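# Tertiary structure, described
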Amino acid sequence: SIFKDATEASKAVAQEIAGIIRRKNAAGKPAVLGLATGSTPKKVYAELIRMYQEGDLSFENVITFNLDEYYHIEPDAVQSYHRFMKEQLFDHVNILPENCHIPTGTLPLEKLSAFCQHYEAMIEELGGLDFQILGIGRNGHIGFNEPGSLINSRTRLMTLDITTRIDASGDFGSLAKVPRRAITMGVKAIMDAKRVVLLAFGEHKAEIIKKAIEGSVTEAVPASYLQGHVNVKFVLDEASAAEL
Ligand code: GLP
């Protein structure tokens, strides 16, 4: 879908998420949401907060799993995705802290593989993700699944691409301060979600959006794997859709 601007697009996505939460809760089940960070989904979260504040939506029976976190990073660092989620959503709605999952950025290396397996197992035990929201990196990454990630890749430690680190260098103050690695949910977990919505706004995303949607399905552009998902939607503004 192509919207006039990011605000209109974000309202529509928030409405869809609210619908899923209400439908699952009406069936007596928690809604299991896969969440993303970055600047792109901020307006969706703001809209969800507005619905909560107006009494239209409750997060009491919502369970969330974030896609990724830098490694190594302290949870209260300004750039951490733990901090981002608290500031952009969790601190403003009635979600239970124990229902919010984000990969831990402070684990010792030897504990990582067990942690990643456990992260996926928690999602599977809940019957999978009802909804996964995604942004896209300029190199086609989803979560932190950088080019070269396989379609069946699992939750793991990923070495970040130089383009990803350059794009993050503003947040960290300098390139040297950007972590070299991150923990990310794998492509498999994303492809296993029942519904996937990828958001991209702005002309700087136009080139990679063309490759992801119209290009061949290739590990060089991990977002292109979504062409094979049975229930995916790309939500764009006019600028990011300009080359389609
Ligand atoms: C980071 C995140 C991705 C996100 C991407 C794009 O790399 N790990 O999940 O999609 O940035 O960020 P932005 O939305 O700010 O363009």
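Residues numbered from 1 in each chain as written. Predicted model: local features only at pLDDT ≥ 70, side-chain atom pairs only at ≥ 80, totals over all residues.

In the annotation of an unreviewed UniProt entry, the entry for the protein chain reads Glucosamine-6-phosphate deaminase, and the organism field reads Pseudarcicella hirudinis.

## Observations regarding the overall build of the protein chain
Scanning the protein chain from N- to C-terminus turns up seven helices and 10 strands. Against the 2.2 N^0.38 benchmark of 18 Å for 244 residues, the protein chain shows a C-alpha radius of gyration of 17 Å, consistent with a compact globule. Based on the C-alpha atoms only, the size of the protein chain along its principal axes is roughly 45 × 45 × 35 Å. Within the protein chain, buried positions represent 42% of all 244 residues. Counted over contacts in the protein chain with a minimum sequence separation of 6, partners at least 24 positions apart contribute 77%. (Helix = DSSP H or I, 4+ residues; strand = E, 2+ residues; numbered from the N terminus. Rg over C-alpha atoms; globule rule 2.2 N^0.38 Å. Buried ≥ 20, exposed ≤ 12 C-beta atoms within 10 Å, placed from the backbone. Contact = placed C-beta atoms within 7 Å.)

## Here's the deal with the sheet that holds strand β8 (residues 181–184)
The three strands lie next to each other as β4-β8-β7, forming an open sheet whose pairing is antiparallel. Each edge of the open sheet is held by one strand with a lone partner, namely β4 (68–71) and β7 (156–159). With direction set aside, neighbouring strand axes in the sheet form an average angle of 30 degrees. Judged from the four bridges that link them, β7 and β8 form a sheet pairing that is antiparallel. (Pairing = 2+ DSSP bridges. Axes fitted to C-alpha atoms, helices over the stretch in contact; angles between N-to-C directions.)

## Some details on the packing of helix α1 (residues 6–26) against helix α2 (residues 42–53)
For the pair α1 and α2, the least separation of the axes is 8 Å and the interaxial angle reads 55 degrees. With respect to each other, α1 and α2 are oriented oblique. Considering how the two elements wind past one another, α1 and α2 form a crossing that is right-handed. Here α1 contributes A6, T7, S10, K11, V13, A14, I17 and A18 to the contact with α2, which in turn contributes K43, V44, E47, L48 and M51. Across the contact of α1 with α2, the residue classes break down as eight nonpolar, two polar and three charged. (Parallel < 35°, antiparallel > 145°, perpendicular 65-115°, else oblique. Left-handed = near helix turned anticlockwise from the far one by under 90°. Nonpolar A, V, L, I, M, F, W, Y, C, P; charged D, E, K, R; others polar.)

## Focus on the site of the ligand
Close contacts around the ligand come from 13 residues, with G38, S39, T40, G135 and G137 the closest. When the residues that make up the shell around the ligand are grouped by side-chain class, the tally is four nonpolar, eight polar and one charged. (Near = placed C-beta within 6 Å.)

## Some details on the pairing of strand β6 (residues 131–134)
Taking every second residue as pointing to the same face, both faces of β6 are buried, with F131 and I133 on one and Q132 and L134 on the other. Of the strand pairs in this sheet, strand β2 (residues 31–35) and β6 are connected by two bridges, and their pairing is parallel. Each bridged residue has a counterpart across the sheet, and for L33 the counterpart in β6 is F131. Two elements, β6 and strand β9 (residues 196–200), share three bridges in a ladder whose sense is parallel. Considered in β9, the bridge of L134 is made with L198.

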